[in-house]
Amino acid sequence: MIALMMVPLCMRCISAMPHLFSKPLYVQDEIAALQLRRVFALSEQIEVHDSYVDFTYQKRRMSLHVSNDNIIISPGTQICFTEVSDCRFAIRGGILVIIIEREDSSAEKVLSPLP
């Protein structure tokens, strides 16, 4: 009897699951943006260019740019955003933003206030 009462509840939970995974890049992008906000909050000498950003993080000179359809931090290969066709960086009201272009969409993420 109790098992029969649980069936509608279980079916409702299962039917909602596909919606959780319908935009996996959105979730990954939010996590990457949060990680980059932390990196830029701890960085110095941030130099913004149209297609890349140079900065000093933990006394090392680094760059955030597109490479092979990914946005990465180098030196090294820390991948931040994937499946990217292009990206641009801009300063809007003293705030560093990244504009991420993909085949079917465009997204803008706030990265850091600039001094």
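Residues numbered from 1 in each chain as written. Predicted model: local features only at pLDDT ≥ 70, side-chain atom pairs only at ≥ 80, totals over all residues. Heavy atoms only, no water.

Novice: Which residues make up helix α2 (residues 24–41), and what values go with them?
Specialist: With 18 residues, α2 extends 26 Å between its outermost C-alpha atoms, agreeing within 8% with the 26 Å of an ideal straight helix rising 1.5 Å per residue. Every buried residue of α2 is listed here: Asp29, Ala32, Ala33, Leu36, Val39 and Phe40. Down the axis, α2 shows its buried residues gathered within 120 degrees of arc, on one side only. Every exposed residue of α2 that faces more than 90 degrees away from the buried side is listed here: Pro24, Leu34 and Ala41. (Helix = DSSP H or I, 4+ residues; strand = E, 2+ residues; numbered from the N terminus. Expected span 1.5 Å × (residues − 1). Buried < 20%, exposed > 50% of the residue type's maximum accessible area, 1.4 Å probe, protein only. Arc of directions from axis to C-beta.)

Novice: Requested: an account of the nonpolar core, with residues and values cited.
Specialist: Grouped together as the largest cluster of nonpolar side chains are 20 residues, with contacts concentrated most on Phe55, Leu64 and Phe81. Mapped onto this core, the elements with two or more residues apiece are α2, β2 (52–57), β3 (60–67), β4 (70–74), β5 (78–81), β6 (86–92) and β7 (95–101). Here the element with the most residues in this core is α2; it accounts for four residues. Each residue touching phenylalanine 81, except ones within four places of it in the same chain, is listed here: Gln28, Asp29, Ala32, Ala33, Leu36, Asp69, Asn70, Ile71, Ile98, Ile100 and Arg102. (Core = buried A, V, L, I, M, F, W, Y, C linked by side-chain atoms within 4.5 Å. Contact = heavy atoms within 4.5 Å.)

Novice: Could you give an account of unusual backbone geometry, naming the residues involved and the relevant values?
Specialist: Cis geometry is found at the peptide bond from serine 74 to proline 75, where omega equals 10 degrees. Counting through the fold element by element, proline 75 comes out in the loop between β4 and β5. A positive phi is found at lysine 59, a non-glycine position, where the angle reads about 65 degrees. Judged by relative accessible area, lysine 59 falls into the exposed class, the value being 82%.

Novice: Please set out the sheet that holds β5 residue by residue, giving values where relevant.
Specialist: Taken together, five strands build an open sheet; the order of strands is β1-β2-β3-β4-β5 and the sheet is antiparallel. Every interior strand has two partners, whereas the edge strands, β1 (43–48) and β5, have only one. Within this sheet the neighbouring strands show an average axis-to-axis angle of 25 degrees, counted without direction. Pairing analysis gives six bridges linking β2 to β3, with the strands arranged antiparallel. Across the sheet, tyrosine 57 pairs through a bridge with arginine 60, a residue of β3. Strand contacts of α2: β1, β2, β3, β4 and β5, with the helix running at about 120 degrees to β5, the strand carrying the most contacts. (Pairing = 2+ DSSP bridges. Axes fitted to C-alpha atoms, helices over the stretch in contact; angles between N-to-C directions.)

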